[in-house]
Every structure is written in structure tokens, then in C-alpha cells.
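# Structural features, examined
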Amino acid sequence: MTDNPNHLATPSGKPRARRFGIGFDGTPGPFNAITDVPGVAVGFTTLISGDGALVVGQGPVRTGVTAILPRPRADLATPVFAGIFSQNGNGEMTGSHIVEETGAFNFPITITNTHSCGVSRDGTLRWMQSVLPAALDSAWGLPVAAETFDGFLNDINGHHLTSEHVAQALDGAASGPIEEGSVGGGTGMITFGFKAGSGTASRIVEWHGRAYTVGAFVQSNFGKRHNFTVRSLRAGPELAEPAIRQGTPRAEKGSIIAVIATDAPFLPHQMKRLARRVPLGVAMTGGFGYHSSGDIFIAFSTANASAALAPSGRIASADFVPDTDIDPFFDAVIQSVEESILNALVANDDMSGRDGNFVPALPKVWLKEKFGGGDD
């Protein structure tokens, strides 16, 4: 077990997967988070209020928004090379068309619930107009905003997220260790029939004498209990209990959004290749891309800032790792996505929501029995 406290617990003290002796491949960064990539920051606004019967517009509320800044605030207008991959398109990620067209995006990424995706997108533009007005003086903005469905626990049709909440998440974005579990956009999310939500991890890749970082962040809300797998252990058949309790019928409307960041120099087509490897990390936990699951992934590189700006009238030059050397970065994506999902599950507690709907946490006793960790 690692002796780095950031690898074992979140800032609030919730356990992470490594706390329970779960062995992972690869070498994590100092925070084991997407924020190990220099310049990347993450912020949350979490909205939890009310209990009992659903009253649309009043609650109960179990939702929020996550903000990911790909560059420091002053540099957010500078594009990052990027690629998108949709394993199953039953979901939304705004800005995807311009990423496909130009291989880049700028401004922060936000992730929230399905019916607040437009609010988070527009809130990002309002915030950018406030903090970097010059970025929109003579240009348009097409922020990346993504969603997963939290309507089993949350009053999703009550539209409780506001632009002010989005601004709070953006203003609060920071580097360093970040919270996981039922926070931000992940507040009302479920994975394999257990409480899940926000999770993150990172890997260090040594390449020809240089150390680069690959970081992942997931909003995890997918999967059927019987498929759940922890490091090749088919856990689902052993964990029929504790079960979800349904005050109202639960439709299969799960999804997963993943954001991959790296400081390694890659071109846009290579970022798309990294995004295409995310489903392999999802599959290692038992995610099979079912019909209703919106499995949409974006990868970006913070390198090559001057090339991404592409000034008119000049030849732009960009560094990049050759495609023939990309395999260790594929490993890093798969490893960090797998661990991010498990962190989202482990750093969590039971949650009740609308109409008494109840989602249990992944049992910590079971984790201790199977993997031998969990003690302070």
C-alpha cells in the first residue's frame, strides 16, 4: 500500500480505492488526480437539500456541477489540442463538433446532470465574459459541457442548477488533491447499483528520459450490478446486497463522461486515439456500453500552446511524441480511468433521494475482506 496520504483519502477524509489494498498498474502522480497535470484545476458546486416525496421545482435536490480548467485562468482563451470519442452516443457533450473539426477547444469543461447541461454551458460563457472579457470581444465561444442522468435521486426536472452555481465551481477550481464521490456533477450518480459520481486518478509516463503525466476525471453513472468487476474479480455476483430501494421505478439511464488530460505533446489525431482507449478502462470495471448509456470521452494536451494559437501568416510548429511510441500513454489512460471509477465508488456513502429512493454505498467490509486493506 502506498504511504502517500493523497493516494489513500480525499481532502475530506473519505477513503480512496488504494486504502483497501486494491493493487493497480502504473505509477500515480503525487495527487493521483487529473490535477497532477500542471495547470489543470477542478472545482465543484454540490447541491443537496430536502427529503421525501418529489415536488418538481422544490426537490429533493441531489445534483451539482463540476468545472475542469484545462489551463490557468489567465490562459483559458488559449486552445488545447484535443480529441473526442463517443463509444455510445446516448448523451450530450457540447462543443464536440468544433473539436472534431479543428482538433482543439478553449474555455473550461463543465459536467452536470442531463437537464442542466445547457445551463452549465451558458454559465461558462457568462463567467468567461466576466473574468476574461477580451476572449469574447470579437470571437464566439463554444464551451464543452457534458451530462449524465441523476433523476432517480434528484428533482432533475426542477432545474435547480443556476449560472451562479456554475460560476462558483469555476471560481473554486484549484489544483492539488480534489474531492471525490457525491460531489459536483456526480452528486446524484449511480454505478453498478452503488452510489458513485466523481472520481479521478493519474499516471506518470517515462518517455526517453522525460516524465509526463496522464490524468483522468470521470463522472461515473453506468453499469449493471452483475457485471461489476474489481481488478479482474467478478464482484457483482457476490454483491446482490445491499440493493437499491425504489420508491419510484428506476429506468436504465446510466452514462459515463471521462476527461483525459496530459502534458505530453500530442497532435489532435493522437488525442482522439487516447480518447478511444477510455472504454477499455471502463470495461475493466464491468462497463459494456449498453444502449441507454451515454459513454462520451474527451482528451486534451496542455502542450504546444503557441502552435494551438496558430497565428495568421506564419508557419506553426508543434512537438509531438511519435505514434510508434504512444503505447505507454494508452496504458496510462486505461489504468487511470479504471482507478477513477473505483475511486468514485469507494469515496462514497449511502444516499436517499426523491420519493425515498435509496442507493447503497459499495460495502467497505467487503473490500476489506477481499483486498485486506482499509485500516488507518
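Scroll up to find the structure.
Reading the values: the criteria
Residues numbered from 1 in each chain as written. Predicted model: local features only at pLDDT ≥ 70, side-chain atom pairs only at ≥ 80, totals over all residues. Heavy atoms only, no water. Helix = DSSP H or I, 4+ residues; strand = E, 2+ residues; numbered from the N terminus. Rg over C-alpha atoms; globule rule 2.2 N^0.38 Å. Buried < 20%, exposed > 50% of the residue type's maximum accessible area, 1.4 Å probe, protein only. Contact = heavy atoms within 4.5 Å. Areas by Shrake-Rupley, 256 points an atom, 1.4 Å probe, with all protein chains shown as cover. 1 Å grid on protein atoms, 1.4 Å probe; cavity = no way out; pocket = protein on both sides within 12 Å on 5 of 7 lines; lining within 4 Å. Points joined across faces, edges and corners; volume = space filled by probe spheres on them. Nonpolar A, V, L, I, M, F, W, Y, C, P; charged D, E, K, R; others polar. Pairing = 2+ DSSP bridges. Axes fitted to C-alpha atoms, helices over the stretch in contact; angles between N-to-C directions. Expected span 1.5 Å × (residues − 1). Core = buried A, V, L, I, M, F, W, Y, C linked by side-chain atoms within 4.5 Å. Phe/Tyr/Trp six-rings, centres within 6.5 Å; stacked < 30°, edge-to-face > 60°. Lys NZ or Arg CZ within 6 Å of the ring centre and 35° of its normal.

### A few points about the overall build of the protein
The helix and strand inventory of the protein stands at 9 helices and 16 strands. Relative to the 2.2 N^0.38 estimate, which gives 21 Å for 376 residues, the radius of gyration of the protein is 19 Å and therefore close to what a compact globule would have. If one aligns the C-alpha atoms of the protein with their principal axes, the spans along those axes are about 65 × 45 × 35 Å. Counting over 376 residues, the protein shows a buried share of 59%. Taking contacts inside the protein between residues at least 6 apart in sequence as the whole, the part at least 24 apart equals 78%. Only carbon and sulfur atoms are counted for the fraction: they give 51% of the accessible area of the protein, which is about 14,200 Å².

### Observations regarding empty space enclosed by the protein
Using a probe with the size of a water molecule, rolled over the atoms, empty space left in the structure can be pinpointed. For the coordinates displayed, the defined rule picks out 1 cavity of 30 Å³ or more. Roughly 40 Å³ of internal volume is contained in the largest cavity. For the largest cavity, the full set of lining residues is N6, A9, T10, P11, R16, F31, N32, A33, P177, I178, E180 and T200. Split into classes, the residues belonging to the lining of the largest cavity amount to 6 nonpolar, 4 polar and 2 charged.

### Some details on the environment of A243
Its place among the elements puts A243 in the loop between β12 (233–234) and β13 (255–262). For A243, a relative accessible area of 29% translates into the label partly exposed. Once residues within four sequence positions are removed from consideration, A243 is found in contact with R225, F358 and P360.

### A word on the sheet that holds strand β10 (residues 210–221)
On the basis of which strands lie adjacent, the open sheet formed by 6 strands has the order β4-β3-β14-β13-β10-β9 and mixed pairing. Both outer strands of the open sheet, β4 (104–105) and β9 (198–207), are each paired with one neighbouring strand and no more. In this structure, strand β3 (residues 80–89) lies alongside strand β14 (residues 294–301), joined through 8 bridges in antiparallel fashion. Looking at β14, one finds that S86 is bridged to I296. Sheet contacts for helix α5 (residues 268–276): β3, β13 and β14; angle to β3, the most-contacted strand, approximately 35°. Sheet strands in contact with helix α8 (residues 327–346) are β9, β10 and β13, and its direction is about 155° off that of β9.

### Considering helix α3 (residues 117–131)
Between its terminal C-alpha atoms α3 stretches 21 Å, which fits the 21 Å expected from 15 residues at 1.5 Å a residue. Those residues of α3 that are buried are in contact with β2 (61–69), β5 (109–113), β6 (144–148) and α4 (163–171).

### Some thoughts on the pairing of β10
Most of β10 is tucked away: 10 of the 12 residues are buried. Linking two consecutive strands that pair antiparallel, namely β9 and β10, is a turn of 2 residues; a positive phi of about 50° is found at H208 within it. In this sheet, β13 lies alongside β10 in antiparallel orientation, the contact comprising 8 bridges. Across the sheet, the residue bridging to A216 is I260, located in β13.

### Here we look at α8
Compared with the 28 Å implied by 1.5 Å per residue over 20 residues, the 29 Å span of α8 between its first and last C-alpha is a close match. α8 sits mainly inside the fold: 17 of its 20 residues count as buried.

### Brief notes about the nonpolar core
Ranked by size, the top nonpolar core spans 44 residues in total, and within it F228, L274, F329 and L345 carry the most contacts. Put simply, the parts of the chain that give this core at least two residues each are β9, β10, β13, α5, α6 (278–283), β14, α8 and α9 (364–371). With 9 residues, α8 is the single largest residue contributor to this core. Among residues more than four places away in sequence, those in contact with F228 are F192, F194, L233, R234, A235, G236, L239, T285, L342, L345 and L362. Grouped together as the second largest cluster of nonpolar side chains are 24 residues, V40, V42, I68 and F105 included.

### Quick word on the packing of aromatic side chains
For the structure shown, the criterion picks out 9 aromatic pairs. One aromatic cluster is present, built from ring pairs that chain together F192, F194, F222 and F228. The ring of F194 carries the charged tip of R225 above its face, separated from the ring centre by 3.7 Å. R245 extends its terminal NZ or CZ atom over the ring of F358, reaching a point 4.0 Å from the ring centre.

### Overview of the sheet that holds β5
Read across the open sheet, the 4 strands follow the order β1-β2-β5-β6; overall the sheet is mixed. Two strands close off the open sheet at either side, each with one partner strand: β1 (41–49) and β6. Across this sheet, the average inter-strand angle for adjacent strands is 15°, counted without regard to direction. Taken together, the 3 bridges between β2 and β5 define a ladder with antiparallel strand orientation. For T66, the partnering residue across the bridge sits in β5 and is I111.

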